[in-house]
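Below, each chain spelled out in residue letters.
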Protein chains: 2
Amino acid sequence: MTRATPPPMPTEAEVAILEVLWDQGRSTVRQVHEVLGPRTGVGLTTVLKLMQIMVTKGLLERDTEVRPQVFWPAQAQRQTQKRLVRDLLDKAFSGSPGELVLQALSVRRSTPEELAEIRRLLDDLEARS
Amino acid sequence: MTRATPPPMPTEAEVAILEVLWDQGRSTVRQVHEVLGPRTGVGLTTVLKLMQIMVTKGLLERDTEVRPQVFWPAQAQRQTQKRLVRDLLDKAFSGSPGELVLQALSVRRSTPEELAEIRRLLDDLEARS
DNA sequence: CCTTTTTTACGAATGCGTTCGTAATGTGTC
DNA sequence: GACACATTACGAACGCATTCGTAAAAAAGG
């Protein structure tokens, strides 16, 4: 099944699974559950079911040839994060990123490296206008 | 009913209502519906019901003395936005704001004023470390 | 004060996300 | 091949967000 439209927004539980896959790379259901289970207490079949749903939604892909089956994200982490940010922007910030950035920077301490990178991007954006 | 714990996270529909109230200030159900109705096609009683639920959740307050009743947000916009950002941060960015900021700045063009303000905040944060 | 309209309350239906029990299928071992 | 174990599929239940119909209460208009 090929897919013209991009996959839908992942739900909360789905994002948790995506995070594991982005972090660990291709994984089996068991491997994902080994991370999520202890942390959330969720059952193995629950993780399996979610991952199956995610395949039908186009959020994950899988290799059914091997046993156990191996799953991986259909979209890169950046892509998905961008969608999530855009969504929050539209829903709660009237589409203006500035306020969101300010809130994000205030909420938690960033590392100096991160701050430097943000500054570089800022230079970039200002130079272009 | 006073409230020790902060109100819970607003849902999507609830954020839409909060946005109207932040924008217009204290409003009646009808006034909120006049904004949301045309945009989303939602019915008047639906808006009412949601706003009633939001009162019980501690998201809104209301004056029942006047007719029609007047509602207003229990929390400032900044407060709520901060909660939403923190939530997204935890769920999808492993709690590190830098990546979120980068995504936010890439998604949409910011005004030069916004960029300047972000730069000021950046100076502030770097000076403090 | 009666009628009409607006406002408010209540109850219920629907849909979606999440969860897991149980069954079916596959794999490895003796 | 028979048994034990792991993997996968399926179906159903549960809770929550959202929706609206309908009815009760209040206000406005005559």
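Residues numbered from 1 in each chain as written. Chains lettered and ligands numbered in written order. Predicted model: local features only at pLDDT ≥ 70, side-chain atom pairs only at ≥ 80, totals over all residues. Heavy atoms only, no water.

J.: How should I be thinking about helix H5 (residues 97–107) of chain A in this particular structure?
T.: Each turn of an α-helix holds 3.6 residues, which means side chains three or four residues apart point in the same direction. Within H5(A), 10 of the 11 residues are buried, which leaves it mostly tucked inside the rest of the structure. Within H5(A) the residues assigned to the buried category are Pro97(A), Gly98(A), Glu99(A), Leu100(A), Val101(A), Leu102(A), Gln103(A), Ala104(A), Leu105(A) and Val107(A). (Buried < 20%, exposed > 50% of the residue type's maximum accessible area, 1.4 Å probe, protein only. Helix = DSSP H or I, 4+ residues; strand = E, 2+ residues; numbered from the N terminus.)

J.: For this particular structure, what's the right way to read the pairing of strand E1 (residues 60–63) of chain B?
T.: Regular strands have side chains that alternate between both faces of the sheet. Residues and elements named next belong to chain B. Summarising the sheet, E1 and strand E2 (residues 70–73) pair through four bridges and their orientation is antiparallel. Note that in E2 the partner of leucine 60 across the bridge is proline 73. Hairpin connection, E1 to E2: the antiparallel pair is bridged by six residues. (Pairing = 2+ DSSP bridges.)

J.: What is the right way to read the relation of the copies chain B and chain A from this model?
T.: Two copies of a chain can be linked by a rotation about an axis combined with a shift along that same axis. In screw terms, the move from chain B to chain A is a rotation of 180° and a rise of 0.0 Å along the axis, fitting with an RMSD of 0.1 Å. Taken together, the rotation and translation relating the two chain copies correspond to the operation of a two-fold axis. Closest approach to the rotation axis among the C-alpha atoms of chain B is made by Val101(B), whose C-alpha sits 2.7 Å away. In this assembly the copies share their binding face: 100% of the residues contributing to the interface of chain B also contribute to that of chain A. (Least-squares fit on C-alpha atoms with pLDDT ≥ 70 in both. Contact = heavy atoms within 4.5 Å.)

J.: Is there a simple way to think about the protein's contact with DNA strand C in this case?
T.: Residues in close proximity to DNA strand C total 19 residues, the closest being Thr11(A), Thr46(A), Arg30(B), Gln52(B) and Gln69(B). When atoms of DNA strand C within 4 Å of the protein are split into backbone and base, the sugar-phosphate part holds 65%. Contact between DNA strand C and Thr11(A): a phosphate oxygen at 2.3 Å from a side-chain N or O atom of the residue. Contact distances for DNA strand C include 2.9 Å between a phosphate oxygen and a backbone N or O atom of Gly43(A). Elements that contribute at least two residues to the surface near DNA strand C include exactly helix H1 (12–24) and helix H3 (44–57) of chain A together with helix H3 (44–57) of chain B. Taken together, the residues that form the surface near DNA strand C break down as five nonpolar, seven polar and seven charged. (Near = heavy atom within 4 Å. Polar contact = N/O pair within 3.5 Å; in protein donor to acceptor, adjacent residues only side chain to side chain. Nonpolar A, V, L, I, M, F, W, Y, C, P; charged D, E, K, R; others polar.)

J.: Sorry, what's going on with the domain arrangement of chain A here?
T.: Many structure descriptions define interface size as the accessible area lost when the parts assemble. Residue and element names in this part refer to chain A. Here chain A is partitioned into domain 1 (1–92) and domain 2 (94–129). Between the C-alpha centres of domain 1 and domain 2 there is a distance of 28 Å. Summing the contributions of domain 1 and of domain 2, the shared interface buries around 340 Å²; its carbon and sulfur component is 69%. At the junction of domain 1 and domain 2, the tally comes to zero salt bridges. Counting every contact that joins domain 1 to domain 2 gives two residue pairs in polar contact (both at pLDDT 80 or more). A class-by-class count of the residues in the side of domain 1 that touches domain 2 yields four nonpolar, no polar and one charged. (Domains from an automatic or database assignment. Buried area = accessible area lost by both parts, 1.4 Å probe. Salt bridge = Lys/Arg side-chain N within 4 Å of Asp/Glu carboxyl O.)

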